[in-house]
Amino acid sequence: MRIQLLPSTFDAHGVANLEQRLTCFLIDDCVAVDAGSIAIALTNEQRSKVRNIIVTHPHMDHVASLPIFIDDLYPSLQQPMRIYATQEVIELLERDVFNWNVYPRFSDLKNDYGPVMEYVPIPIGKPFNVAHLNVVAVPVNHIVPTVGLVVSDGKRSVAFSSDTSETEEFWKILNEMKDLDALLIEASFPNRLAKLATVSRHFTPATLGQELKKLTHNGMDIMAVHLKATYRDEIIAQLNALNIPKLSVMEPGRIYEW
Ligand SMILES: [Zn+2]
Ligand SMILES: [Zn+2]
């Protein structure tokens, strides 16, 4: 499985900025997990392939450029863009984003080929398919309804925490798996902003270190993501000081293979 955390910004030479502001992971060049930077960072080839997007929750850093992405592709979409999300997240997207005020309700619109956007409500705790992938969604502990994901391609499995703080069900499911190749987990704020992390339901390196004690570590790669750009260096230093085996920080733009 190939996974790329899409960059949020580029320098004048088109080189990806390592600071992550928006969240969007691209799996095997065709399925997106969240869509923060989806309209900004895809190559033309990727843009022509991505027709399935899983939205973990409706926060702006996870959906910011989703409306623009669909808008850009509007006349050329020969199949609807499928948005996979829980029913409550779908309702929030319809109410707060695709509401005719912030942006058009694309789920009501058609181009010459047919509907341009379609919601696919996803179950909790039961496997469903997205393109060639098998996915399980697990509720996590964030300030709005949010799911973590376990994604498998039949050979390899990768877990995405999405945005979360202390949680239980996610770890239970991960610990029951025989093979998990990688865990992508959030680490949003430095330790000195623990209060802010708590009220916004995110991790600091210290709380993440505690939380990872719930994980049966089978040698998987643990990739920290969602580091707030303003504090990136400070968070990295604090993550390194945890001395957790195989814990590293995921680099936007780089392609990882599991
Ligand atoms: Zn969030
Ligand atoms: Zn976020």
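Source: prediction; values computed, not measured.

A.B. asks: Help me out: how do you make sense of the coordination of the zinc ion (ligand 1) in this one?
C.D. replies: Around a metal, the perfect tetrahedron of four donors has angles of 109.5 degrees, and the perfect octahedron of six donors has angles of 90 or 180 degrees. Each protein donor to the zinc ion (ligand 1) is listed here as His57 (NE2), His59 (ND1), His142 (NE2) and Asp163 (OD); together their distances run 2.1 to 2.3 Å. Classification of the site at the zinc ion (ligand 1) as irregular follows from its four donor atoms and the range of 91 to 164 degrees in their angles at the metal. In terms of primary sequence, the donors binding the zinc ion (ligand 1) are separated according to H-x1-H-x82-H-x20-D. Separating the zinc ion (ligand 1) and the zinc ion (ligand 2) is a distance of 3.5 Å, and Asp163 donates to both of them. In this pair, His57 sits in the loop between strand 4 (52–54) and helix 3 (60–63) while Asp163 sits in the loop between strand 12 (157–160) and helix 6 (169–176), placing the two residues 106 residues apart along the sequence. The exposure classification of His57 matches that of Asp163, with both residues buried.

A.B. asks: Can you walk me through the coordination of the zinc ion (ligand 2) in this structure?
C.D. replies: Note on the zinc ion (ligand 2): its protein donors are Asp61 (OD), His62 (NE2), Asp163 (OD) and His226 (NE2). The metal-donor distances range over 2.0 to 2.1 Å. In this structure, the zinc ion (ligand 2) is coordinated by four donor atoms arranged in irregular fashion, with angles at the metal of 90 to 165 degrees. Ordering the donors of the zinc ion (ligand 2) by residue number gives the pattern D-H-x100-D-x62-H.

A.B. asks: Which parts of the structure should I look at to understand the pairing of strand 12?
C.D. replies: In regular strands, side chains alternate between the two faces of the sheet. Neither face of strand 12 is exposed, since Ser157 and Ala159 on one face and Val158 and Phe160 on the opposite face are all buried. Where strand 11 (residues 147–152) lies against strand 12, four bridges are found, and the strand directions are antiparallel. What sits directly across from Leu149, in strand 12, is Phe160. Here three bridges tie strand 12 to strand 13 (residues 182–186), and the two strands are oriented parallel to one another. Across the sheet, Val158 pairs through a bridge with Ala182, a residue of strand 13. Crossover handedness for the path strand 12 to helix 6 to strand 13: right-handed.

A.B. asks: Would you take a moment to explain the pairing of strand 14 (residues 221–225) for this structure?
C.D. replies: Among the five residues of strand 14, four are classified as buried, and the element is accordingly described as predominantly covered. The pairing of strand 13 with strand 14 spans five bridges and is classified as parallel. Counterpart to Leu184 in the pairing with strand 14 is Met223. Of the pairings in the sheet, the one linking strand 14 to strand 15 (residues 247–249) comprises three bridges and is parallel in character. From the neighbouring strand, Ala224 faces strand 15, where its bridge partner is Val249. You can see the chain leave strand 14, run along helix 9 (residues 232–240) and come back into strand 15, and the turn it takes is right-handed.

Criteria and cut-off values
Residues numbered from 1 in each chain as written. Chains lettered and ligands numbered in written order. Predicted model: local features only at pLDDT ≥ 70, side-chain atom pairs only at ≥ 80, totals over all residues. Heavy atoms only, no water. Donors = N, O, S within 2.8 Å, 3.2 Å for Na, K, Ca; no water. Tetrahedral: all angles 85-135°; square planar, octahedral: opposite > 155°, others 65-115°. Helix = DSSP H or I, 4+ residues; strand = E, 2+ residues; numbered from the N terminus. Buried < 20%, exposed > 50% of the residue type's maximum accessible area, 1.4 Å probe, protein only. Pairing = 2+ DSSP bridges. Right-handed = clockwise from strand over helix to strand, strands pointing away.

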